[in-house]
Amino acid sequence: MGRNNGGFSGAGLRRVRDVLARHVDSGRIPGVVALVGRGDETHVEALGTMSHDGGAPMRRDTVFRMASTSKPVSVAAAMVLLDECRLRLDDLVEQWLPELANRQVLQRIDGPLDETVPAKRPITVRDVLTSTFGLGMDVTALGTPIMNAVFEQGLTPDLPMPMPEPDEWLRRLGTLPLMHQPGERWHYHIASDLLGVLVARVTGRPFEDFLRERVFEPLGMADTGFHVPADRIDRLPNLYAPDPQTGEFHVWDEAAGGRWSKPPVFPGGGGGLVSTVDDYHAYFRMLLDHGVHGSERILSRPAVELMTTNRLTPEQNAARTAMALDNVHLSYGQGQHGGWGFGMAVRTYRGDYAPVGQFGWDGGSGATAYADPANGLTGILLTQVGMSVPHSARLIHDFWTTVYQAIED
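What counts, and at which threshold
- Residues numbered from 1 in each chain as written.
- Predicted model: local features only at pLDDT ≥ 70, side-chain atom pairs only at ≥ 80, totals over all residues.
- Heavy atoms only, no water.
- Helix = DSSP H or I, 4+ residues; strand = E, 2+ residues; numbered from the N terminus.
- Rg over C-alpha atoms; globule rule 2.2 N^0.38 Å.
- Buried < 20%, exposed > 50% of the residue type's maximum accessible area, 1.4 Å probe, protein only.
- Contact = heavy atoms within 4.5 Å.
- Areas by Shrake-Rupley, 256 points an atom, 1.4 Å probe, with all protein chains shown as cover.
- Axes fitted to C-alpha atoms, helices over the stretch in contact; angles between N-to-C directions.
- Parallel < 35°, antiparallel > 145°, perpendicular 65-115°, else oblique.
- Nonpolar A, V, L, I, M, F, W, Y, C, P; charged D, E, K, R; others polar.
- Core = buried A, V, L, I, M, F, W, Y, C linked by side-chain atoms within 4.5 Å.
- Salt bridge = Lys/Arg side-chain N within 4 Å of Asp/Glu carboxyl O.
- Pairing = 2+ DSSP bridges.
- Phe/Tyr/Trp six-rings, centres within 6.5 Å; stacked < 30°, edge-to-face > 60°.

*Asks:* Account for the overall build of the chain, naming residues and giving values.
*Replies:* Secondary structure summary: the chain contains 13 helices and 16 strands in total. The C-alpha radius of gyration of the chain comes to 20 Å, within 12% of the 22 Å expected for a compact globule of 409 residues. Its C-alpha atoms give the chain principal-axis dimensions of about 60 × 50 × 40 Å. Burial statistics for the chain: of 409 residues in total, 57% are counted as buried. Partitioning the contacts of the chain with sequence separation of at least 6, the portion at a separation of at least 24 is 68%. Surface exposure of the chain reaches about 16000 Å², of which carbon and sulfur atoms provide 51%.

Below is the structure:
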């Protein structure tokens, strides 16, 4: 099944294109750029327009907001530090993040913030990398005092408070109790942002500078970063959050003058990146190639194996399973993979056309990026329609269904 037994069938690639075109022609998805790669073969489709009312066409080099699809990429900065022994998996994070020493833990997830017990142990680097340090976005606990506090403190992007700069963000995080004991339970998102603060503290450099120097530049990811420079802003479409009732296209983020038009106060590893299909392809190909890009090693082979294989026990994974299966109206079926590595989902059972071992993640901005070692396959699809409605999620599902049919061995 290796990388070299041919790539895709012509009929299969036509089906991929036809399904993408059907979504664009429906009027629900203004434009899409998709890439499939296998071995030395790469196939790109750019369909539709940058704006919902026409205008410039989508192009291969269109820049997109990656949203949570940032998570699998930003985690590489921490893996560089593990490889260099500047971090160890079971180091206590409080030596760099003293704000997180001496944690208190809620007695129950929906209880008042002052009904706590002491943490049984300190938070480790491993807890942060596996998203099990004790805090996160729990869509099964919306409306609880702890989730309300997370939103009110500006600890997540643009809900409803803007995120403060990293030191202030961490100070606020340190005022809250944990939802669960360290290492006990997977929680979504906040660990990926915390990772960036940790990397910055360990290296004494801004997270974005370290990530650019050690990951983006060696991989040739020239269009990837936490904002879009003025001379490229015309390559960024507006991001839409359609009205769930009427389907009307509301602009959630303008390109010019919007959230990504200047460097952010908080460079969020959890959802802050912008990129292109080719940049993401370079990154995921490096993972498939066990950490090597061309003649250069970016990450060690064992680092890649740790990132891209399941790190969670069934007990730790309970919240993740609930998010995937019990909140289908929120995630539209995204996230039903079974496992989680570092910063990304890992498929541990076959629930759709993709085999066990596939790894990657999806973004609420209408983005998906996965690689599949069994088939030597990468797939990336990017659009500008946020998941306030299920349209981009359904496009993503159909993309993967057709991609797997296009494999020809």
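Additional details are given in the paragraphs that follow.
*Asks:* Tell me about the packing of helix α1 (residues 10-25) against helix α13 (residues 391-406), residues and numbers included.
*Replies:* Relative to each other, α1 and α13 sit at 170 degrees, their axes nearing to 8 Å. By the angle between their directions, the pair α1 and α13 is classed as roughly antiparallel. Across the interface between the two elements, Gly12, Leu13, Arg15, Val16, Val19, Leu20 and His23 of α1 pack against His391, Arg394, Leu395, Asp398, Phe399, Thr402, Val403, Gln405 and Ala406 of α13. For the contact of α1 with α13, the residue count by class is eight nonpolar, five polar and three charged.

*Asks:* Any details on the nonpolar core? Residues and values, ideally.
*Replies:* Among the nonpolar cores identified, the biggest contains 118 residues, and Leu129, Phe133, Trp169, Leu173, Tyr283, Leu287 and Leu299 are the most heavily contacted of them. Formed by seven residues, the second largest nonpolar core is a distinct cluster that contains Val63, Val228, Ala255 and Val274.

*Asks:* Describe the pattern of salt bridges, with residues and values.
*Replies:* One pass over the full model with this rule turns up 26 salt bridges. With a closest N to O distance of 2.4 Å, glutamate 45 and arginine 17 form a salt bridge. Here arginine 17 lies in helix α1 and glutamate 45 lies in strand β2 (residues 41-51), a separation of 28 residues in the sequence. For glutamate 45, a relative accessible area of 8% gives the class buried. Classification of arginine 17 as partly exposed rests on a relative accessible area of 38%. One salt bridge connects arginine 171 with glutamate 168, and the closest N-O pair in it is separated by 2.9 Å. Here the residue arginine 171 and the residue glutamate 168 both occupy positions in helix α6 (residues 166-173), the gap between them amounting to three residues, near one helical turn.

*Asks:* Please set out the sheet that holds strand β16 (residues 377-383) residue by residue, giving values where relevant.
*Replies:* Strand order in the open sheet made by the eight strands is β3-β2-β1-β16-β15-β14-β13-β12, with antiparallel pairing throughout. Two strands in the sheet have a free side with no partner beyond their single neighbour: β3 (54-57) and β12 (338-340). Here the strands of the sheet are splayed against their neighbours by 20 degrees on average, with no regard to which way each runs. As paired strands, strand β1 (residues 31-38) and β2 are joined by eight bridges and run antiparallel to one another. Within β2, the position partnered with valine 33 by the bridge is alanine 46. Sheet strands touched by helix α11 (residues 318-326): β12, β13 (345-347) and β14 (359-363). Its angle to β12, the strand with the most contacts, is close to 120 degrees.

*Asks:* Before we move on, could you go through the packing of aromatic side chains and cite the residues and values that matter?
*Replies:* Scanning the model with the defined rule gives 13 aromatic pairs in all. Their ring planes at 50 degrees and their centres at 5.9 Å tell us that phenylalanine 207 and phenylalanine 226 sit as a pair that is tilted. In this pair, phenylalanine 207 sits in helix α8 (residues 207-219) while phenylalanine 226 sits in the loop between α8 and β7 (239-240), placing the two residues 19 residues apart along the sequence. Since its relative accessible area comes to 7%, phenylalanine 226 is described here as buried. Between tyrosine 280 and phenylalanine 284, the ring centres sit 6.1 Å apart and the planes meet at 35 degrees, which makes this aromatic pair tilted. Remark: phenylalanine 284 and tyrosine 280 occur in helix α9 (residues 277-288); sequence separation between them is four residues, near one turn of the helix. By relative accessible area, tyrosine 280 is classed as buried at 0%.

*Asks:* Explain the pairing of β2 to me, using residue names and the numbers behind them.
*Replies:* A loop of two residues connects β1 with β2, the two strands running antiparallel in sequence, and glycine 39 in this loop sits at a positive phi of about 60 degrees. Hairpin connection between β2 and β3: a loop of two residues separates the two successive antiparallel strands.

*Asks:* Explain the packing of helix α3 (residues 76-83) against α8 to me, using residue names and the numbers behind them.
*Replies:* Where α3 meets α8, the closest approach of the two axes is 9 Å, and the angle between their N-to-C directions is 70 degrees. Considering their axes alone, α3 and α8 lie roughly perpendicular with respect to each other. Contacts between α3 and α8 involve Ala76, Ala77, Val80 and Leu81 from the first element and Phe207, Phe210, Leu211, Arg214 and Val215 from the second. Of the residues contributing to the contact of α3 with α8, the split by class is eight nonpolar, no polar and one charged.

*Asks:* Tell me about the pairing of β14, residues and numbers included.
*Replies:* Of all five residues that make up β14, five are buried, and the element is covered over most of its length. Both faces of β14 are covered, namely the face carrying Phe359, Trp361 and Gly363 and the face carrying Gly360 and Asp362. By the bridge criterion, two bridges tie β13 to β14 in an arrangement that is antiparallel. Following the sheet pairing, alanine 345 is matched in β14 by glycine 360. Across five bridges, the pairing between β14 and strand β15 (residues 367-372) is antiparallel. Following the sheet pairing, glycine 363 is matched in β15 by alanine 367. Following β14, the chain reverses through three residues before pairing antiparallel with β15; glycine 366 in that reversal takes a positive phi of roughly 90 degrees.

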